[in-house]
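# Examining the three-dimensional arrangement
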Amino acid sequence: QANPYFARMASSPNASMLEDALAQNASFFTLSEMGGNDVLSFATSGGLGVDQTGNFDPTTYGSNDITDPMVFAGTLDAVVNALTANGAKGAITTVPYVTNLPYFTTVSYNPVPLDAGTAALLNGGYAQYNGGLLQAEGAGLISAEERAARTVVFAEGNNAVVIEDEDLTDLSGLGLPNYRQTTSEDLVVLPSASFIGTVVNNDPLLINGLSVPLSDQWVLTATETQSVIVATDSYNLTIESIATSKGLAFVDLKAILEQASSTGIVFDDFTMDTSLVFGGLVSLDGVHLTARGYAFMANSFLEAIDATYGSNFHEAGQVAKAADYVVSYPAVL
């Protein structure tokens, strides 16, 4: 019921994935990125969910929440114990930092070019808000640093967008909203590319991201990103510990994605990175891999299996070839 894709092949309407997997009595299994969705939906929603760290009751979680690391650890431990109960071997992966994906790195924090006249017009619209911040600072309600961070100023050239930030000090008693402009630490999500700069109700003075601040769903703030990172690091400690204790092949997908997002990774005659469209690794949704990206991932599994269990997939050349997995780009218009 929770996963319509699994429902297409489940043995019964009430079957669980683990139950159906165990029914195969397999001698080998793979667990790929368990824990990924426990942070991904929070991140892609721009942090709309709740970091449930400290809440050990997953029945109370929302669909965009971050799973408590202890809940994750207990679940993963139970899954691996069940899969290995009859002596099966297997491979397991770490969870990458999802924030390295192009879903979060394609749209710049300052994507809006303005001329001097438009910048001045927008500054006039925020003059009262900026003045209120000075009053709040004078009353000791916020620090000078927070006042500066919240002050909205536009200039000729590329400009940061205005957002609502729930983590700012609540100044609603003064009639002031929680507005600020994005910084390089904020991650503006990919769908915002078609939303920023659009007008509201055909009113040219109401522009999303400028005169109309972006709501939480469009930006993962630095605070929200940190929640994702901390949870991911905790999940990975559990994953590596279980891999070691059970003697499982261990695939460090986190390290692979970090390399791809910095220097790129070489796959046969191709170098792939995490840039959208032309990077070759990640598909156009900015999250999932391309066919070639998944082929590289499969080879990483085989390499780990060779190292752990003494097989010879790589030595025998029984691995995926990059050229067999074509990445097609849209035609240039």
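Placed above this text is the structure.
Residues numbered from 1 in each chain as written. Predicted model: local features only at pLDDT ≥ 70, side-chain atom pairs only at ≥ 80, totals over all residues. Heavy atoms only, no water.

Another point: the sheet that holds strand β11 (residues 249-251). Strand order in the open sheet formed by three strands is β1-β2-β11, with parallel pairing between adjacent strands. Where the open sheet ends on each side, the last strands, each with one partner, are β1 (28-31) and β11. Strand after strand, the sheet turns through a mean of 15 degrees between neighbouring axes, direction not considered. With four bridges connecting them, β1 and strand β2 (residues 89-93) associate as parallel partners. Paired with L31 across the two strands is I92, which belongs to β2. The strands touched by helix α4 (residues 69-84) are β1 and β2; relative to β1, the strand with the most contacts, the crossing angle is about 165 degrees. Of the strands in this sheet, β1, β2 and β11 are in contact with helix α11 (residues 291-309), which crosses β11 at around 145 degrees. (Pairing = 2+ DSSP bridges. Helix = DSSP H or I, 4+ residues; strand = E, 2+ residues; numbered from the N terminus. Axes fitted to C-alpha atoms, helices over the stretch in contact; angles between N-to-C directions. Contact = heavy atoms within 4.5 Å.)

Our focus in this paragraph is unusual backbone geometry. If you check the backbone angles, N201 has positive phi at about 55 degrees while not being a glycine. Structurally, the position occupied by N201 is in the loop between β8 (199-200) and β9 (203-207). A positive phi angle, close to 55 degrees, is found at D268, a residue other than glycine. The residue D268 is located in the loop between β12 (265-267) and β13 (270-272) in this model. Judged by its relative accessible area of 45%, D268 falls in the partly exposed class. (Buried < 20%, exposed > 50% of the residue type's maximum accessible area, 1.4 Å probe, protein only.)

Here we come to the side chain of D20. Among the structural elements, D20 can be located in helix α2 (residues 17-23). For D20, the side chain forms a polar contact with the side chain of S11, separated by 2.6 Å. In this view, D20 contacts F6, M9, A10, S11 and A15; residues no more than four positions away in its chain are not counted. (Polar contact = N/O pair within 3.5 Å; in protein donor to acceptor, adjacent residues only side chain to side chain.)

What follows covers the pattern of salt bridges. Scanning the model with the defined rule gives five salt bridges in all. Residues E137 and R147 are paired through a salt bridge, measuring 2.8 Å at the closest nitrogen-oxygen approach. In this pair, E137 sits in helix α7 (residues 127-138) while R147 sits in helix α8 (residues 144-150), placing the two residues 10 residues apart along the sequence. For R147, a relative accessible area of 23% puts it in the partly exposed group. K254 is the partner of E258 in a salt bridge, and the nearest nitrogen-oxygen pair spans 3.6 Å. Within this pair, E258 and its partner K254 are both found in helix α10 (residues 253-262), separated by four residues, close to a single helical turn. Note on K254: relative accessible area 18%, which makes it buried. Connected through shared salt-bridge partners, D165, R180 and D186 make up one network. (Salt bridge = Lys/Arg side-chain N within 4 Å of Asp/Glu carboxyl O.)

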